[in-house]
Amino acid sequence: MTSEMEDLVALALEATGMSRGRWDFLMEEMKSDAKMNLIMREDWGKKPRDSEEAIREYYRTSDIWFVNTFLNGVGALRNLGLGVQGGSHGWLEMFMKLIGPRKRSILDYGGGFFKDTWPLVSFGHHVEVAEVQGPVTSFLKMFIEMAGLEGKIGVVEVNSDTPVIDLYDGIVCFETLEHVLHPEALTEHLHRHLRAGGPFAFSTTFGAPEHAPYHVASNAPLGDWNVWAEILKRVGFSPCWTDPAGSSAKIWRSEG
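About the thresholds
Residues numbered from 1 in each chain as written. Predicted model: local features only at pLDDT ≥ 70, side-chain atom pairs only at ≥ 80, totals over all residues. Heavy atoms only, no water. Helix = DSSP H or I, 4+ residues; strand = E, 2+ residues; numbered from the N terminus. Buried < 20%, exposed > 50% of the residue type's maximum accessible area, 1.4 Å probe, protein only. Contact = heavy atoms within 4.5 Å. Pairing = 2+ DSSP bridges. Right-handed = clockwise from strand over helix to strand, strands pointing away. Salt bridge = Lys/Arg side-chain N within 4 Å of Asp/Glu carboxyl O. Phe/Tyr/Trp six-rings, centres within 6.5 Å; stacked < 30°, edge-to-face > 60°. Lys NZ or Arg CZ within 6 Å of the ring centre and 35° of its normal. Axes fitted to C-alpha atoms, helices over the stretch in contact; angles between N-to-C directions. Parallel < 35°, antiparallel > 145°, perpendicular 65-115°, else oblique. Left-handed = near helix turned anticlockwise from the far one by under 90°. Nonpolar A, V, L, I, M, F, W, Y, C, P; charged D, E, K, R; others polar. Core = buried A, V, L, I, M, F, W, Y, C linked by side-chain atoms within 4.5 Å.

### Some points on the environment of valine 216
Point 1. Tracing the backbone through its elements, the reader meets valine 216 in the loop between strand S5 (199–203) and helix H10 (225–235).
Point 2. In this structure valine 216 comes out as buried when scored by relative accessible area, which is 6%.
Point 3. Residues valine 216 and histidine 179, 37 residues apart in the sequence, show an inter-C-alpha distance of 5.9 Å.
Point 4. Residue contacts for valine 216: discarding those within four places in its chain leaves Ile55, Glu178, His179, Val180 and Leu181.

Here you go:
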């Protein structure tokens with residue numbers, strides 16, 4: 001690994017309190033989906049996940065979930081640190097058309113380490129990622145200071161069912177709503193913090209808890225797109241864009 005990667009691993013160990021031996025073990029386990037899912041299932045099953053706080057506790061305490069977040073997003077962090085210019089294709093291209101060229105304020109809810117939204121930063125927009133208060137948010141705050149990215153990116157610490165305070169020009173929420181007990185309530189909360197006409201880019205994978213225990217089983221009926229689409233309309237969103245390439249990403253707009 002490069003010294004830059006070693007710096008990020010050092011931050012990770014500080015944020016999580018893991019030993020280097022524990023880190024290396026989990027990194028090795030992540031190479032096998034079966035081993036990864038076994039550990040995640042064990043962490044999930046340590047207590048009933050029958051409230052939003054109990055679910056947040058899983059993301060706050062699961063070492064392997066942090067490692068998973070790190071592996072999925074470390075490339076984005078390195079791009080941010082190096083000032084790499086991102087591309088604009090697929091949902092990003094449409095999202096940027098909808099928010100316009102002026103600097104905008106974007107919320108990436110459940111976005112980990114800016115995996116999907118770092119290109120928006122490179123185009124001059126201010127992006128804040130919302131993550132469960134704990135090791136992930138501690139790591140991100142240390143990284144922002146280390147990389148000198150204050151004022152360009154920020155962190156919203158999720159420690160309640162309604163953690164968002166500010167109003168945003170656009171919101172991104174990929175593969176997150178299936179991780180909460182009440183996705184409709186969270187969607188309503190996000191809608192209240194999105195400017196009228198603002199884009200809401202999202203994807204969902206409701207169901208399949210036998211593979212991913214953190215996909216809350218009671219939300220499986222929402223895997224019927226017609227059911228979820230009606231909920232989105234009731235909340236106050238209207239359809240805007242579906243990826244012609246066939247990905248699960250969609251963009252709807254707030255009706256105010």
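And the narrative resumes.
### Observations regarding the pairing of strand S3 (residues 153–158)
Point 1. Here strand S2 (residues 126–132) pairs with S3 via six bridges, running parallel. When the sheet's bridge partners are listed, valine 132 is paired in S3 with valine 158.
Point 2. Running through helix H8 (residues 135–147), the crossover from S2 to the neighbouring parallel element S3 is right-handed.

### Here's the deal with the pattern of salt bridges
Point 1. Scanning the entire structure with this criterion turns up 17 salt bridges.
Point 2. A salt bridge links arginine 234 to glutamate 184; the shortest N-O distance between them is 3.2 Å. Here arginine 234, found in helix H10, pairs with glutamate 184, found in helix H9 (residues 183–192); they are 50 residues apart in sequence, far enough to count as distant.
Point 3. Judged by its relative accessible area of 55%, arginine 234 falls in the exposed class.
Point 4. Overlapping salt bridges bring together Glu53, Arg56, Arg60 and Asp161 as one network.

### Some remarks on the packing of aromatic side chains
Point 1. Counted by the stated rule, this structure contains 21 aromatic pairs.
Point 2. Ring centres of phenylalanine 70 and phenylalanine 139 lie 6.1 Å apart, and the angle between their planes is 75°; this geometry places the pair in the edge-to-face category. Here the residue phenylalanine 70 occupies a position in helix H5 (residues 63–82), and phenylalanine 139 occupies one in helix H8, the gap between them amounting to 69 residues. As far as the burial class goes, phenylalanine 70 and phenylalanine 139 line up, both buried.
Point 3. One aromatic cluster in this structure is built from Trp23, Phe66, Phe70, Phe113 and Phe139.
Point 4. Sitting over the ring of tryptophan 44, arginine 49 keeps its end group 5.7 Å from the ring centre.
Point 5. Between lysine 250 and the ring centre of tryptophan 225, over which it is positioned, the NZ or CZ distance is 4.7 Å.

### Observations regarding the packing of H5 against H8
Point 1. With their axes 12 Å apart at the nearest point, H5 and H8 run at an angle of 15° to one another. Judged on the interaxial angle alone, H8 and H5 are roughly parallel. Crossing angle aside, the handedness with which H5 passes H8 is right-handed. Counting all contacts with H5, which are made through Phe66, Thr69, Phe70, Leu77 and Gly81, the residues of H8 involved are Pro135, Val136, Phe139, Leu140 and Phe143.
Point 2. Looking at the contact of H5 with H8 residue by residue, the classes come out as eight nonpolar, two polar and no charged.

### Quick look at the nonpolar core
Point 1. Phe70, Trp91 and Phe139 are the most contacted members of the largest nonpolar core, which totals 58 residues.
Point 2. In terms of residue count, the dominant contributor to this core is H5 (nine residues).
Point 3. Apart from residues no more than four positions distant in its own chain, phenylalanine 70 is found in contact with Met5, Leu8, Val9, Ala12, Trp23, Phe113 and Phe139.
Point 4. If you look at the next biggest cluster of nonpolar residues, it comprises 25 residues, including Leu107, Leu190, Trp228 and Leu232.

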